[in-house]
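# Understanding the architecture of this molecule
So the chains spell out like this:
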Amino acid sequence: MKPLWRINKYLYKYKGLLLLGIIFTVISNIFVIIPAQLVRIAIDYVVESFSLYRPLMKGGLGEFARENFLDFVFVFGILILVMALLRGFFLFLIRQTIIIMSRKVEYDMKNEIFEHYQNLPLSFYRKNSTGDLMARISEDVSRVRMYLGPAIMYGLNLLILFPLVIFYMISVNPELTLYSLLPLPILSVSIYFVNNLINERSEKIQKSLSELSTFVQEAFSGIRVLKAFVREEDSAREFTKASEEYKHKSIELTRVNALFFPLIMALVGISTIITVYAGGLMVIQGEIGYGVIAEFILYVNILTWPVTSLGWVTSIVQRAAASQTRINEFLDIQNDIVSTENLKAEIEGDIEVKDLTFVYPDSGIKALDHISFKIKAGETLGIIGTTGSGKSTIANLLMRMYDPTSGFIEIDGKDIRRYNISDLRRQMGFVPQDVFLFSDTISNNIAFGLDHADQALIEKAAKDADVFQNIIDFPKGFETMLGERGITLSGGQKQRVSIARAIAKEPKILILDDCLSAVDTKTENSILSALKRIMENRTSVIISHRVSSAKLADHIIVLHDGKIIERGNHESLMSKKGVYAELFEKQTQSSESIEG
Ligand SMILES: Nc1ncnc2c1ncn2[C@@H]1O[C@H](COP(=O)(O)OP(=O)(O)OP(=O)(O)O)[C@@H](O)[C@H]1O
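- As recorded in an unreviewed UniProt entry, the chain goes by the name ABC transporter ATP-binding protein, listed as coming from Algoriphagus lacus.
- Entered under Subcellular location (unreviewed entry) in the UniProt record, the comment concerning the chain runs "Cell membrane".

## A look at the overall build of the chain
- Of regular secondary structure, the chain possesses 20 helices and 10 strands.
- The globule rule puts the C-alpha radius of gyration for 596 residues at 25 Å, and the 37 Å found for the chain is more than 25% above it.
- Here the C-alpha coordinates of the chain stretch approximately 135 × 60 × 50 Å along the principal axes.
- Taken across its 596 residues, the chain has 31% of its residues classed as buried.
- Long-range pairs, those at least 24 residues apart, make up 79% of the contacts in the chain between residues at least 6 apart in sequence.

## A closer look at the UniProt feature "domain: ABC transmembrane type-1" (unreviewed entry) in the chain
- Within the UniProt annotation, "domain: ABC transmembrane type-1" (unreviewed entry) is assigned to residues 19-319.
- Span residues 19-319 is 94% helix and 0% strand, its end C-alpha atoms 25 Å apart.

## Topic: the site of the ligand
- In the vicinity of the ligand lie 17 residues, with Tyr 360, Ala 367, Lys 391, Ser 392 and Thr 393 positioned nearest.
- Sort the elements by how many residues they give to the shell around the ligand and helix α11 (residues 391-398) lands first, with three residues.
- Taken together, the residues of the shell around the ligand sort by class into three nonpolar, 10 polar and four charged.

## Quick look at the sheet that holds strand β7 (residues 509-513)
- Across the sheet, six strands lie side by side as β6-β7-β8-β3-β9-β10; this open sheet has mixed pairing. Where the open sheet ends on each side, the last strands, each with one partner, are β6 (428-431) and β10 (563-568). Ignoring which end each strand starts from, the neighbouring axes of this sheet average 15° apart.
- For strand β3 (residues 380-385) and strand β9 (residues 555-560), the ladder comprises five bridges, and the chain directions are parallel. Within the sheet, the bridge partner assigned to Gly 385 lies in β9 and is Leu 559.
- On top of the sheet, helix α16 (residues 491-504) reaches β6 and β7; it is set at about 175° to β6, its chief contact.

## Points about the pairing of β10
- The sheet contact formed by β9 and β10 spans five bridges and is antiparallel. Bridge assignment links Ile 557 to a residue of β10, and that residue is Arg 567.
- Taking the residues that link successive antiparallel strands as the turn, the β9-β10 hairpin has two residues, and the phi of Asp 561 there is positive, at about 55°.

## Some thoughts on the pairing of strand β4 (residues 406-411)
- As paired elements, strand β1 (residues 351-359) and β4 share five bridges and run antiparallel to each other. Bridging across to β4, Lys 354 finds its partner in Phe 408.
- Inspection of the sheet shows β4 paired to strand β5 (residues 414-415) by two bridges, in the antiparallel sense. Within β5, the position partnered with Ile 411 by the bridge is Lys 414.
- Counting the residues that bridge the hairpin from β4 to β5 gives two residues, and of these Asp 412 lies at a positive phi of roughly 55°.

## With respect to the packing of helix α5 (residues 130-172) against helix α10 (residues 290-331)
- Contact pair α5 / α10: the axes reach a minimum separation of 6 Å and the direction vectors enclose 150°. Relative to α10, the element α5 is oriented roughly antiparallel. In this structure, α5 meets α10 at a crossing whose hand is left-handed.
- Partitioning the contact of α5 with α10 into residue classes produces 25 nonpolar, five polar and six charged.

## Some words on the sheet that holds β1
- Spatial strand order, β2-β1-β4-β5: four strands in an open sheet with antiparallel pairing. Where the open sheet ends on each side, the last strands, each with one partner, are β2 (366-375) and β5.
- Of the strand pairs in this sheet, β1 and β2 are connected by six bridges, and their pairing is antiparallel. Of the residues in β2, the one forming a bridge with Glu 352 is Lys 374.
- Across the sheet, α11 lies against β1, β2 and β4, angled at about 65° from β2, the strand it touches most.

Rules used in this analysis
Residues numbered from 1 in each chain as written. Predicted model: local features only at pLDDT ≥ 70, side-chain atom pairs only at ≥ 80, totals over all residues. UniProt positions renumbered as here; feature names shortened; annotations may be inferred. Helix = DSSP H or I, 4+ residues; strand = E, 2+ residues; numbered from the N terminus. Rg over C-alpha atoms; globule rule 2.2 N^0.38 Å. Buried ≥ 20, exposed ≤ 12 C-beta atoms within 10 Å, placed from the backbone. Contact = placed C-beta atoms within 7 Å. Near = placed C-beta within 6 Å. Nonpolar A, V, L, I, M, F, W, Y, C, P; charged D, E, K, R; others polar. Pairing = 2+ DSSP bridges. Axes fitted to C-alpha atoms, helices over the stretch in contact; angles between N-to-C directions. Parallel < 35°, antiparallel > 145°, perpendicular 65-115°, else oblique. Left-handed = near helix turned anticlockwise from the far one by under 90°.

Here it is, written out as structure tokens:
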């Protein structure tokens with residue numbers, strides 16, 4: 001229960017709805033109890049009238065007595081009907097208050113979790129799978145909603161109805177009350193166990209269903225590989241196997257589900273039999289009237305659902321508590337990438353990296369080892385290095401996705417940690433290594449970093465990224481949809497749209513993380529010279545493992561195993577005849593042989 005205390009703030013927020021819900025529950029239960037009493041009065045009246053009917057018939061008053069008697073029963077009938085209608089009306093109001101409250105809390109919770117997720121650093125996303133993040137914001141929140149809606153609704157009902165009914169029952173006959181209620185605790189406990197079994201099996205089904213959909217999704221998104229390697233039959237066989245498991249688990253659940261209602265009916269039946277038997281004996285002994293038996297049977301029926309729901313509510317609350325524990329676990333994670341001074345300033349673009357070492361916290365890999373470099377505003381730094389040498393890590397640290405393990409990064413002479421993070425990132429353009437474009441129009445993708453989309457700016461960015469012609473060649477031009485239901489861009493086109501997105505922001509610092517790997521050298525050169533022009537007075541960091549990308553840079557550093565092994569500009573590095581020169585020779589030879 002304790003984890004669920006955290007959502008009390010929402011109950012407090014919607015206290016009006018909750019309070020109304022409680023009031024409506026009390027009122028609706030009054031209309032449940034009164035009809036039972038009316039039935040007792042009516043039956044006792046009928047029995048009494050019968051005993052008087054014969055003597056009255058003999059006295060010639062038969063017709064008068066009959067009419068009177070029927071009028072009385074008719075009024076009872078109408079009263080019971082009115083009570084039922086009123087009860088229905090208040091049940092409607094209960095749902096309108098408590099269930100609506102639960103939906104509102106669900107909405108608030110989802111927003112709170114999503115917002116929190118977005119604030120968490122990149123390391124959080126590395127540690128937790130997307131599936132897990134999605135499950136907590138959807139399934140777990142739904143389970144908590146079940147607690148806030150149905151569980152609170154039925155729980156309240158139970159809390160109000162139970163004492164009320166028991167009070168009336170005891171006031172009518174305590175002994176018969178005891179007999180009638182004897183099977184109900186057994187009902188509640190068995191429902192609890194059956195329900196837990198149902199939940200356990202439903203969860204297994206859910207798991208098997210998500211495995212099945214992951215399998216199908218992979219098969220379809222990897223259809224090209226699947227066909228190319230002729231694995232269709234294998235894939236179909238695996239699908240059948242996964243479906244078989246799903247079917248098996250569903251049948252197991254149906255078996256337990258089938259137990260649910262018979263169990264309730266059996267125990268209610270036993271209660272009714274006991275009531276009739278014990279009540280009958282009491283009627284024979286003249287302790288109670290016939291009406292009491294009917295009243296008690298109604299009470300037992302009235303109590304059936306709340307008692308059943310006790311088991312059900314307990315298991316919902318348990319599941320909700322487990323889900324809330326999972327949600328709290330994420331909500332309690334603090335963002336450790338925070339600004340020390342929240343400094344907001346127009347940056348110039350001077351970058352200085354001092355004795356920087358970085359160890360990935362999750363894997364313990366030392367990606368950067370005591371590196372230092374400087375870039376003046378308006379200059380370009382090329383970073384060259386083999387796979388895994390730490391190039392992308394530098395980009396991540398410059399964007400402040402992580403904080404250095406030791407050493408400093410300074411922008412305009414101030415530690416990067418002092419800046420307001422969003423303000424700083426807003427002034428930086430980043431083109432990541434793995435291009436990600438949204439399922440939206442090309443125009444919106446390019447304008448992604450802008451607060452107000454300006455078509456002229458979008459087109460200029462597309463021209464500078466050398467992708468303008470490609471875009472206008474599409475029938476819908478800039479309004480072409482990308483993604484699953486849109487067109488698929490080629491690798492090089494995607495990279496260039498991603499570059500256009502970064503430069504449309506007119507950033508003070510632009511970081512290109514190996515984003516020209518899928519374009520030919522000619523396009524690469526034209527993008528780089530356009531960049532040189534637009535990045536005048538701004539700073540660029542060009543990361544690549546191709547020398548052709550870095551050679552135009554003012555400064556070049558060569559990384560190996562997290563260390564800088566060479567530095568200089570293209571000319572000085574070439575004359576040094578070290579790793580850079582060797583790489584240059586190798587790469588120009590191979591590209592010449594390809595082009596030749
Ligand atoms: N998120 C991460 N968590 C743990 N280790 C990581 C992470 N990202 C990278 N590494 C490790 O850090 C080292 C440097 O990786 P980085 O991505 O910076 O290399 P890179 O030079 O950009 O390589 P490539 O050219 O292949 O992209 C590698 O050994 C890599 O396995």
